[in-house]
Amino acid sequence: MKRTKIKIGIDEAGRGPWAGPVVACALGFHPENKPAKDLLERLNDSKKLTEKKRERLYSELIELSIWEAPQVFFGVGVVDNYMIDEINIAQANKEAMRRALVEIQRKISQFELTSVVIDGRDNYEFEELKQPPLYIVWGDAKVKEIGAASIIAKVFRDKLMAQYATLYPQYGFATNAGYGTQKHKQKLQSPNHIIGIHRSSYKPIKEVLGKKPKLLLHVCCGPDATVPLMDLKKDYDVTAFWYDPNIQPKKEYDKRMHAFAKVCDIEWVKWIEGEYDVKNFFKRIKWLEHTPEKWEKCTECYDMRLDRTAKLAREMWITYWTSTLNTSPHKDLEKMFALWEKNSLRGNLEFLKIAFRKNGGFQRSVDYTKEHNIYRQDYCGCVYSDTFPGNERKWAKKGFSG
Ligand code: SF4
């Protein structure tokens, strides 16, 4: 008995994105019981469709495929990013099409397959076909079967990426579908930002994977910055953040900042200067002024520095951060670690809990400052420091301008 003839169109979605799978669809219309005329008319050029119209056509095509006597037959092939990285995108694309073909062939076994038309000019050959497929450039605008296949492949893939977006909301997958948009790019600052669905063989992802992760280092003085800078720059792309807002007098502040800048120059580390903000310091420690060093006043002082540094890390999209405050044996390490933890919670930051002063760290910093003639201060910094030169009340009366 002579079988009814059917034609299949194939298209794919997702060659270019930096994340997610490539999806192909093979689709054929029932040769006799034609689907609704208006649906065919609306398929004229799938690339020109709005997202809303494309979604509606997708639903209608699915609907027609599940009728008791289906009007539309289709198969979908998905190849994940791991296989894309292994065999390259062109071969992965072919494999997605092959999978889609195998699926539709099962559904249309009662018909005689006359031809397979594919969008583009790849010229893949498939063992599953007796005759090679026909390739048509801009096929989705010229052949209804390809146009319909492109709608299913695209919407199917978009829906998949929207689901990934619920797992990884920061990359904007629900709107960019894994493409390299500005938002997506901004989120890829270091290797730890690359997730399981990124295509590591793609150049932009490869570049990020080869990078050292970025780290923001809060610096309180030049001598305490020496060991952290020397050690951290081996594994991280370090930016040093000078934020010592309450050092008095101002000329002492300047002296310390120049010592810090000298260490950064020697170590070839880029740096940023924070604000000199004595007024805010005095506001924060109101009523705590005469608590002893390392007590409540100092906790506020550490928190002011760490809070500001964490804010900057978030603004700069830097995940890792730490501080030189813990190089000095005069600081309360446990208190600082607790504050780091608190300040990391907002914005998914990760602090490096390294006690730089330990394992000979403090002595290394002393040796370094001697060797390079780096200024080392002899009091903590504010007017209430135990060994502050002179009378703190005198400074307080001067309005704390330094
Ligand atoms: S003594 Fe040092 S740590 Fe304490 S408040 Fe003053 S500058 Fe800050």
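Residues numbered from 1 in each chain as written. Predicted model: local features only at pLDDT ≥ 70, side-chain atom pairs only at ≥ 80, totals over all residues.

### Comments concerning the pairing of strand β7 (residues 237-242)
And then number 1: Here six bridges tie strand β6 (residues 214-219) to β7, and the two strands are oriented parallel to one another. In the sheet register, His218 faces β7, and the bridge partner there is Phe241.
And then number 2: Regarding topology, helix α10 (residues 222-232) serves as the crossover connection from β6 to the parallel β7, and that connection is right-handed.
And then number 3: Handedness of the β7-helix α11 (residues 250-267)-strand β8 (residues 270-273) crossover: right-handed. (Pairing = 2+ DSSP bridges. Helix = DSSP H or I, 4+ residues; strand = E, 2+ residues; numbered from the N terminus. Right-handed = clockwise from strand over helix to strand, strands pointing away.)

### Overview of the sheet that holds β6
And then number 1: Spatial strand order, β8-β7-β6-β9-β10: five strands in an open sheet with parallel pairing. The open sheet has two edge strands, β8 and β10 (350-351), and neither has a second partner.
And then number 2: Across four bridges, the pairing between β6 and strand β9 (residues 320-323) is parallel. By the bridge assignment, His218 is partnered in β9 with Ser323.

### Description of the confidence of the model for the protein
And then number 1: This prediction gives the protein a mean pLDDT of 88; 93% of its residues lie at or above 70.
And then number 2: Taken together, the stretch residues 393-402 has pLDDT below 50 and engages in 13 contacts with residues farther than four places along the chain or on a different chain. (pLDDT = per-residue confidence, 0-100. Contact = placed C-beta atoms within 7 Å.)

### Observations regarding the site of the ligand
And then number 1: Taken together, Asn246, Glu293, Lys297, Cys298, Cys301, Cys380, Gly381, Cys382, Tyr384 and Ser385 make up all the residues around the ligand.
And then number 2: In terms of residue class, the shell around the ligand is built from five nonpolar, three polar and two charged. (Near = placed C-beta within 6 Å. Nonpolar A, V, L, I, M, F, W, Y, C, P; charged D, E, K, R; others polar.)

### Looking at the packing of α10 against helix α15 (residues 361-372)
And then number 1: Contact geometry of α10 with α15 gives a least axis separation of 8 Å together with a crossing angle of 115°. Judged by the angle between their axes, α10 and α15 are roughly perpendicular. At the point where α10 passes α15, the crossing takes the right-handed sense. Side by side, α10 and α15 meet where Pro223, Asp224, Thr226 and Val227 of the first sit next to Gly361, Arg364, Ser365, Tyr368 and Thr369 of the second.
And then number 2: Its residues assigned to classes, the contact of α10 with α15 comprises three nonpolar, four polar and two charged. (Axes fitted to C-alpha atoms, helices over the stretch in contact; angles between N-to-C directions. Parallel < 35°, antiparallel > 145°, perpendicular 65-115°, else oblique. Left-handed = near helix turned anticlockwise from the far one by under 90°.)

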